[in-house]
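# A structural walkthrough
As a plain string of letters, each chain reads:
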Amino acid sequence: MTTWIAFLRAINLGARRRFPKDDVLAAVAAGGGRDVVSHLGTGNVRLSLEAASRHEVETALEEAFLADRGFEVPTVVLSVEELRAVVADADRIGAGHAGVHTVSLLKADPDPEAVRRVEASGRAGESAHVTGRAVHLLLPVDVHTARLGNDVVERHLGVATNRNVRVLRTVRERWCG
């Protein structure tokens, strides 16, 4: 069995996309997941699953979530090694940054031309740095006035889910040895 880290996108936002933690864990188990645990509610899940690829894991989980909830839950899955690399990149890229550092995790490998557009999208005090399937957004303290965000990432690079770098570090520490 391989350990995977799943990041669910756009749940528990508003009244219509409710997906309580226990229901998420049950749906992951129904999708074949073993040793299932979550961190901070429902959007971050560790599981073990016998699968040949990340795509197979994402498909199994998304089908289980749709069957359970009746709405699609885009899911980005990383291996333990991929999550370690994302956090290592975050430590390097964010060194010395005094503002907010979030990471948009991409469902698919990004197109190089689209990467250039995203990295050029910020205004003064904002920057995007793409490493593999992770987009590191370095933003000012007031993220609500920032131009860069997950919406810009998705417009150029496709489905993504965003996490604060502190959450990713905690998940790595708890679940990646």
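Refer to the preceding data block for the structure.
On a predicted model such as this, the values are computed, not experimentally measured, just so you know.

Conventions used here
- Residues numbered from 1 in each chain as written.
- Predicted model: local features only at pLDDT ≥ 70, side-chain atom pairs only at ≥ 80, totals over all residues.
- Heavy atoms only, no water.
- Salt bridge = Lys/Arg side-chain N within 4 Å of Asp/Glu carboxyl O.
- Helix = DSSP H or I, 4+ residues; strand = E, 2+ residues; numbered from the N terminus.
- Axes fitted to C-alpha atoms, helices over the stretch in contact; angles between N-to-C directions.
- Parallel < 35°, antiparallel > 145°, perpendicular 65-115°, else oblique.
- Left-handed = near helix turned anticlockwise from the far one by under 90°.
- Contact = heavy atoms within 4.5 Å.
- Nonpolar A, V, L, I, M, F, W, Y, C, P; charged D, E, K, R; others polar.
- Pairing = 2+ DSSP bridges.
- Core = buried A, V, L, I, M, F, W, Y, C linked by side-chain atoms within 4.5 Å.
- Buried < 20%, exposed > 50% of the residue type's maximum accessible area, 1.4 Å probe, protein only.

In this section: the pattern of salt bridges. Within this structure, the stated rule accounts for 12 salt bridges. Between R133 and E82 there is a salt bridge; the shortest N-O distance is 3.6 Å. With R133 in the loop between β6 (127-131) and β7 (134-139) and E82 in helix α3 (residues 80-93), this residue pair connects regions lying 51 residues apart in the sequence. In this structure, the salt-bridge partner of E113 is R116, at a minimum N-O distance of 3.1 Å. Residue E113 and its partner R116 are both found in helix α4 (residues 112-119); the two are separated by three residues, about one turn of the helix. What emerges from the salt-bridge pattern is a single network uniting R54, E58, E62 and K107.

Quick look at the packing of α4 against helix α5 (residues 150-157) now. Where α4 meets α5, the axes come as close as 9 Å, and the angle between the chain directions of the two elements is 155°. Comparing their axes, α5 and α4 come out roughly antiparallel. Of the two elements, α4 crosses α5, and the hand of that crossing is right-handed. In contact with A114, V115, R117 and V118 of α4, α5 contributes V152, H156 and L157. Here the contact of α4 with α5 is built from residues that sort into five nonpolar, one polar and one charged.

Moving on to the sheet that holds strand β1 (residues 2-8). The antiparallel open sheet is built from four strands, whose spatial order is β2-β3-β1-β4. Either end of the sheet is taken by a strand with one partner, and the two such strands are β2 (34-39) and β4 (75-79). Looking at each pair of strands side by side, their axes are set apart by 25° on average, direction ignored. Here β1 runs beside strand β3 (residues 44-49); their pairing, made up of six bridges, is antiparallel. Each residue of the ladder has a partner; that of T3, found in β3, is S48. Contacting β1, β2 and β3, helix α1 (residues 21-30) crosses the sheet at an angle of about 150° to β2. Running over the sheet, helix α6 (residues 165-175) touches β1, β2 and β3 and is turned about 150° from β2.

A few words on the environment of P20. Along the chain, P20 falls in the loop between β1 and α1. Considered as a pair, P20 and W175 are 155 residues apart in the sequence and their alpha carbons are 21 Å apart.

This paragraph deals with the packing of α1 against helix α2 (residues 54-69). Close contact between α1 and α2 brings their axes to 8 Å; oriented N to C, the two are set at 125°. The pairing of α1 with α2 is recorded here as oblique in orientation. Considering how the two elements wind past one another, α1 and α2 form a crossing that is right-handed. Here D23, V24, A27 and V28 of α1 lie close against α2, whose contacting residues are L61, A64, F65, D68 and R69. A breakdown of the residues in the contact of α1 with α2 according to their chemical character gives six nonpolar, no polar and three charged.

If you look at the biggest cluster of nonpolar residues, it comprises 18 residues, and the most contacted ones within it are L8, V24, L47, V57, L61 and F65. Those elements that place two or more of their residues in this core are β1, α1, β3 and α2. Among residues more than four places away in sequence, those in contact with V57 are W4, L47, L49, A51 and V77. In terms of nonpolar packing, the next biggest core, distinct from the first, is built from 16 residues, V76, V80, V86 and V87 among them.

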